[in-house]
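# Fold and contact review
One letter stands for each residue in the lines below.
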2 protein chains.
Amino acid sequence: MTSDPKRLAMALIGHPPDSLALIEQALTHRSAGPVNNERLEFLGDALLGFVIAEVLLQRFPEASEGDLTRRRATLVNREALAKIARALNLGDYLRLDSGALRSGGHARDSVLSDALEALIGAIYLDQGFARAKQMILEVFAESLADVANQEARKDPKTRLQEWLQARRRTLPEYEVTAVTGEQHAQRFEVRCRLPDDGRECLGDGSSRRRAEQQSAETMLALLTETN
Amino acid sequence: MTSDPKRLAMALIGHPPDSLALIEQALTHRSAGPVNNERLEFLGDALLGFVIAEVLLQRFPEASEGDLTRRRATLVNREALAKIARALNLGDYLRLDSGALRSGGHARDSVLSDALEALIGAIYLDQGFARAKQMILEVFAESLADVANQEARKDPKTRLQEWLQARRRTLPEYEVTAVTGEQHAQRFEVRCRLPDDGRECLGDGSSRRRAEQQSAETMLALLTETN
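Predicted, not measured: the structure shown is a model, and the values here were computed from it.

Procedures and definitions
- Residues numbered from 1 in each chain as written.
- Chains lettered and ligands numbered in written order.
- Predicted model: local features only at pLDDT ≥ 70, side-chain atom pairs only at ≥ 80, totals over all residues.
- Heavy atoms only, no water.
- Helix = DSSP H or I, 4+ residues; strand = E, 2+ residues; numbered from the N terminus.
- Rg over C-alpha atoms; globule rule 2.2 N^0.38 Å.
- Buried < 20%, exposed > 50% of the residue type's maximum accessible area, 1.4 Å probe, protein only.
- Contact = heavy atoms within 4.5 Å.
- Areas by Shrake-Rupley, 256 points an atom, 1.4 Å probe, with all protein chains shown as cover.
- Lys, Arg positive; Asp, Glu negative; His and termini not counted.
- Charge placed at Lys NZ, Arg CZ, Asp CG, Glu CD.
- Domains from an automatic or database assignment.
- Buried area = accessible area lost by both parts, 1.4 Å probe.
- Salt bridge = Lys/Arg side-chain N within 4 Å of Asp/Glu carboxyl O.
- Polar contact = N/O pair within 3.5 Å; in protein donor to acceptor, adjacent residues only side chain to side chain.
- Nonpolar A, V, L, I, M, F, W, Y, C, P; charged D, E, K, R; others polar.
- Pairing = 2+ DSSP bridges.
- Axes fitted to C-alpha atoms, helices over the stretch in contact; angles between N-to-C directions.
- UniProt positions renumbered as here; feature names shortened; annotations may be inferred.
- Least-squares fit on C-alpha atoms with pLDDT ≥ 70 in both.

## Here we look at the overall build of chain A
Looking only at helices and strands, one finds 11 helices and three strands in chain A. In chain A, the order of α-helices and β-strands from amino to carboxyl end is α-α-α-α-α-α-α-α-α-α-β-β-β-α. At 24 Å, chain A has a C-alpha radius of gyration far larger than the 17 Å of a compact globule built from 227 residues. Projected onto its principal axes, the C-alpha coordinates of chain A cover approximately 75 × 35 × 30 Å. Here chain A holds 227 residues, and the buried ones make up 45% of them. Residue pairs at least 24 apart in sequence account for 55% of intrachain contacts in chain A once pairs closer than 6 positions are excluded. Surface exposure of chain A reaches about 11,100 Å², of which carbon and sulfur atoms provide 47%. Averaged over its 30 positive side-chain charges, chain A has a centre that lies 2 Å from the centre of its 34 negative ones.

## As for the domain arrangement of chain A
All names here are of chain A. For chain A, the assigned domains read domain 1 (5-152) and domain 2 (156-225). Here the C-alpha centroids of domain 1 and domain 2 sit 42 Å apart. Residue-level contacts link four residues of domain 1 with five residues of domain 2. A buried area of about 380 Å², summed over both sides, lies between domain 1 and domain 2, and 52% of it is on carbon and sulfur atoms. Our count for the contact surface shared by domain 1 and domain 2 stands at zero salt bridges. Inspection of the domain 1/domain 2 interface yields two residue pairs in polar contact (both at pLDDT 80 or more). Grouping the constituent residues of the side of domain 1 that touches domain 2 by class yields one nonpolar, one polar and two charged.

## Considering the sheet that holds strand 3 (residues 200-205) of chain A
Residue and element names in this part refer to chain A. Read across the sheet, three strands follow the order 1-2-3 without closing on themselves; strand pairing throughout is antiparallel. Both outer strands of the open sheet, strand 1 (173-180) and strand 3, are each paired with one neighbouring strand and no more. On average, adjacent strands in this sheet sit at an angle of 25° to one another, irrespective of strand direction. Alignment of strand 2 (residues 187-193) against strand 3, held across six bridges, turns out to be antiparallel. Following the sheet pairing, Cys192 is matched in strand 3 by Cys201.

## A short note on the interface of chain B and chain A
Across the contact, 29 residues belong to chain B and 29 residues belong to chain A. Counting across the interface, chain B meets chain A through zero salt bridges. Remark: the boundary between chain B and chain A carries 10 residue pairs in polar contact (both at pLDDT 80 or more). Among the elements that make up the side of chain B that touches chain A, the one with the highest residue count is helix 3 (residues 38-59) of chain B (12 residues).

## So, the pattern of salt bridges
Scanning all chains against the criterion turns up 32 salt bridges over all chains. Between Arg71(A) and Asp67(A) there is a salt bridge, and its shortest N-O distance comes to 3.2 Å. Taken together, the residues Arg71(A) and Asp67(A), both in helix 4 (residues 65-75) and four residues apart, mark about one turn of the helix. The class for Arg71(A) is buried, based on a relative accessible area of 10%. Across the pair Arg193(B) and Glu200(B) runs a salt bridge, and its minimum N-O distance is 3.7 Å.

## Concerning the UniProt feature "domain: RNase III" (unreviewed entry) in chain A
UniProt's entry tags residues 13-128 of chain A with the feature "domain: RNase III" (unreviewed entry), counted in the numbering of this structure. Helix makes up 65% of residues 13-128 of chain A and strand 0%, and the two end C-alpha atoms of the span are 11 Å apart.

## Digging into unusual backbone geometry
All names here are of chain B. The phi dihedral of Asn89 is positive, around 55°, even though this residue is not glycine. By the element assignment, Asn89 lies in the loop between helix 5 (78-87) and helix 6 (98-102). Its relative accessible area of 45% is what places Asn89 among the partly exposed residues.

## Overview of the relation of the copies chain B and chain A
It takes a turn of 180° to lay chain B on chain A, together with a shift of 0.0 Å along the axis; the resulting RMSD is 0.2 Å. A rotation of that kind, with that shift, is consistent with a two-fold axis. When the interface residues of chain B are mapped onto chain A, 97% of them again fall at the interface, so both copies present the same face.

## What to know about the sheet that holds strand 2 (residues 187-193) of chain B
Residues and elements named next belong to chain B. Strand order in the open sheet formed by three strands is 1-2-3, with antiparallel pairing between adjacent strands. Across the chains shown, the open sheet's two edge strands, defined by having one partner strand only, are strand 1 (173-180) and strand 3 (200-205). Strand after strand, the sheet turns through a mean of 25° between neighbouring axes, direction not considered. In this structure, strand 1 lies alongside strand 2, joined through seven bridges in antiparallel fashion. From the neighbouring strand, Tyr174 faces strand 2, where its bridge partner is Cys192. Against the sheet, helix 11 (residues 208-225) makes contact with strand 1, strand 2 and strand 3, and its axis sits at roughly 140° relative to strand 3, the strand it touches most.

Okay, here's the thing in structure tokens:
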């Protein structure tokens, strides 16, 4: 007993699709017949890879190509797609042959992940690029927010180190250049220096560690504003 | 001495780009500085993969997912992209540091292929999806025509066999069902049968081989019209 594919399309694009047949095809596993979702999956997989590439490029203006590739791989993989497919209850809409269904095919990661990609391909063919992109951004909103949060939770020294490593540059040197104030209210001034191009900046704080983090934050800002 | 990037953009999109800086960045090898084409290449690579996926899906309505993947790999790879880059004289526009230039970097397949992908990414950011897609179709027109011609040169029995293999189906059986006419003007009638679903059709011709080919052609038409 499968749910109405039109309802799924409504949930994804806000109105009925132009071609319900395309949406039905995207939900048809190859076990259910020759008109199945394999070709649409090929298209949807490629579109998804591109749309996520663009989002990551915008959200991480400082990230290297290798870094972007790694981030995309954590967002777009079988497990991650199956999780999104489950949140959409995609399993309820799938058409599989009775054998595949009995063996739990509608709940398998690979089947769910393929169907989600096929659905993305179908929505592109039905609605065009802009709406398919919007739909992708909506269903990936939570995963994208998670990636951004993970980034924000990293401290500035870690982020600076990763930024430099991604560009095969030498690591920064931190040096305390001044300690001022009384014992219970000391202030530290730290210089962060990049040995390979001699660039320097200062940070200060109530501990050496805080001053280092601040100098790293400033250095990152300097590096990324010229990029 | 590098040629004017604006001229290249004119040749590719028919008018000056909105941001010449983006085009320049796409033409800048990582050896020439921190603002280089690596991030744009990440974007262009993904867009190219998607656009070629869509074209192949349209041009080969009978092809399986695996078949489409293989075709795309023959169109989009380092050597194929470098060939297109050379036809555009991309090497003349590249910015590399003097060491990379002296060692012939501007003529290397990897450098040319990366720059072409970066250029595709830059044109997408500058001009939007529809124009970037158009530009890709134009520069790939010849390669796409080659792929279509290779297909047309294959005989119907080969194409039927590939179609069935791609779907993991059993191979067709051919049987001569009638031979008519006098010795110097014989006609052969051949039946093509698919053992797994029992579908049959007939072909005829002035030789057994011609009759088989005709039956295979008819079978392919039957299979793909219901797909």
